[in-house]
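Coordinates in review
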Amino acid sequence: MKDLAERAVNGDDRAVARLITHAENCHPDLYEAMRIIHRHGGRAQVIGITGVMGAGKSTLIAEIALEYRKRGKTVGIIAIDPTSPFTGGALLGDRIRMSRLTMDPGIFIRSMGTRGMLGGLTGAVYDVMEIMDASGKDVIIVETVGVGQAEVDIIKIADTTLVVLVPGLGDSIQTIKAGLMEIADIFVVNKADVPGIERTMAEIESMIDLGHRPGVRKTPVLATAAKECKGITELVDAIEEHREFIVGSGSLPDRRRKRYEAELVEIIRKRLMTMIFDEKVFREKVESLIGRIEGKETDPYSAAEEILDGLLK
Ligand SMILES: Nc1nc2c(ncn2[C@@H]2O[C@H](COP(=O)(O)OP(=O)(O)O)[C@@H](O)[C@H]2O)c(=O)[nH]1
Ligand SMILES: [Mg+2]
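Everything numeric in this text was worked out from a predicted model, so none of it was measured.

1. Brief notes about the site of ligand 1
Ligand 1 sits among 17 residues. The nearest are Gly56, Lys57, Ser58, Thr59 and Lys227. Per-element accounting of the shell around ligand 1 gives the leading share, three residues, to helix α4 (residues 57–70). The residue makeup of the shell around ligand 1, split by class, is seven nonpolar, five polar and five charged.

2. Things to note about helix α6 (residues 125–134)
Burial analysis of α6 places ten of its ten residues in the buried class, which makes it a mostly covered element. Among the residues of α6, those classed as buried are Val125, Tyr126, Asp127, Val128, Met129, Glu130, Ile131, Met132, Asp133 and Ala134. Positioned one or two residues after α6, Gly136 has a phi angle of 105°, which is positive.

3. Looking at the sheet that holds strand β6 (residues 186–189)
On the basis of which strands lie adjacent, the open sheet formed by seven strands has the order β3-β2-β4-β1-β5-β6-β7 and parallel pairing. The two strands at the open ends of the sheet, each matched to only one other strand, are β3 (107–112) and β7 (221–223). Neighbour-to-neighbour, the strand axes of the sheet open up by a mean angle of 20°, direction not taken into account. The pairing of strand β1 (residues 45–51) with strand β4 (residues 139–144) spans five bridges and is classified as parallel. Following the sheet pairing, Gly48 is matched in β4 by Val142. Most of the contacts of helix α11 (residues 232–248) go to β6, to which it runs at about 170°, and overall it touches β1, β5 (160–165), β6 and β7.

4. Let's talk about unusual backbone geometry
Residue Lys191 is not a glycine yet carries a positive backbone phi of 65°. Within the fold, Lys191 resides in the loop between β6 and α10 (197–211).

5. Side note on the environment of Ile37
Considering the arrangement of structural elements, one finds Ile37 in helix α3 (residues 30–40). Considered as a pair, Ile37 and Lys2 are 35 residues apart in the sequence and their alpha carbons are 9.4 Å apart. Setting aside residues no more than four positions away along its own chain, Ile37 makes contact with Ala5, Ala8, Val9, Glu130, Ile131 and Ala134.

6. What about the nonpolar core?
Judged by nonpolar contacts, the single largest core of 76 residues is most densely connected at Ala8, Leu19, Ala65, Ile78, Ile131, Ile141 and Val142. Among the elements that line this core, the one with the most residues is α6, at seven residues. If we ignore the near neighbours within four places in the chain, the residues touching Ala8 are Ala15, Val16, Leu19, Ile37, Ile131, Ala134 and Ser135.

Basis of the calculations
- Residues numbered from 1 in each chain as written.
- Chains lettered and ligands numbered in written order.
- Predicted model: local features only at pLDDT ≥ 70, side-chain atom pairs only at ≥ 80, totals over all residues.
- Near = placed C-beta within 6 Å.
- Helix = DSSP H or I, 4+ residues; strand = E, 2+ residues; numbered from the N terminus.
- Nonpolar A, V, L, I, M, F, W, Y, C, P; charged D, E, K, R; others polar.
- Buried ≥ 20, exposed ≤ 12 C-beta atoms within 10 Å, placed from the backbone.
- Pairing = 2+ DSSP bridges.
- Axes fitted to C-alpha atoms, helices over the stretch in contact; angles between N-to-C directions.
- Contact = placed C-beta atoms within 7 Å.
- Core = buried A, V, L, I, M, F, W, Y, C linked by C-beta atoms within 7 Å.

As structure tokens, then:
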């Protein structure tokens, strides 16, 4: 593990990939590597991208990554999406676009499933981010799919969060409902090549105006056509502008602290889960409690209490 970590911090992508696999599999000795990894991390800029399925997030990420490469930066991509075109499950045109990324040694891509995800972002994402960060990637882009807690969680780990929408009335309403309005640092309306773009832009802008308080940074709304590589330079400029803003206003350390908090809580949660479900004693305890619940000798709440009391002792 230590050797693997040393190689990863020296930028060895094979070591990076193996460490990530260990993280995903919750390898019991991972912590040995993560101690080293953590000492070398904390430099990367983290960009979170969220929005409904099919909005063009992956396509957009590909273009953003290429733009950052033009600007001389290395990029790590974490796609929390089992159907990600990064892993090949895509139409031919999309696959060709993605292959431009996979051939570039300055870009490291990892798709992660949602397995083992007991609410929120898949547990290993914090590890994966730290590993990519320590290996020297300048920019890390995290993609989450769907609408729900995972999207809200992303704000805890990203320096800048993009919420991607597409033209059409339903989306902006969905956005408010899902609480995405609050987490967006930048709104992106992708598929600007399809009809209805002006209306959607206007809708979102008026939504922002409604909630806007004087003296507070106003969330920008940008139009892109990722598939045609339009609006990408402007978008990356806006991301950089937001980064300057959080650095200037002193809120970057707060965001970092939130990320470490989320990571710490996640590790504790994982450890507790392992204790409860994997370790033999707990397994036996649970089994016997299930029996007692079934026989109405106890109820699930009292049984849970019993287990928790045992843990805290
Ligand atoms: N018309 C149009 N289609 C796009 C655009 N960007 C992406 N797409 C297409 O939308 C589909 C979904 O894209 P994808 O990036 O996988 O979306 P994701 O689910 O949000 O990651 C793909 O077939 C893309 O080619 C765009 O700007 N315009
Ligand atoms: Mg995607």
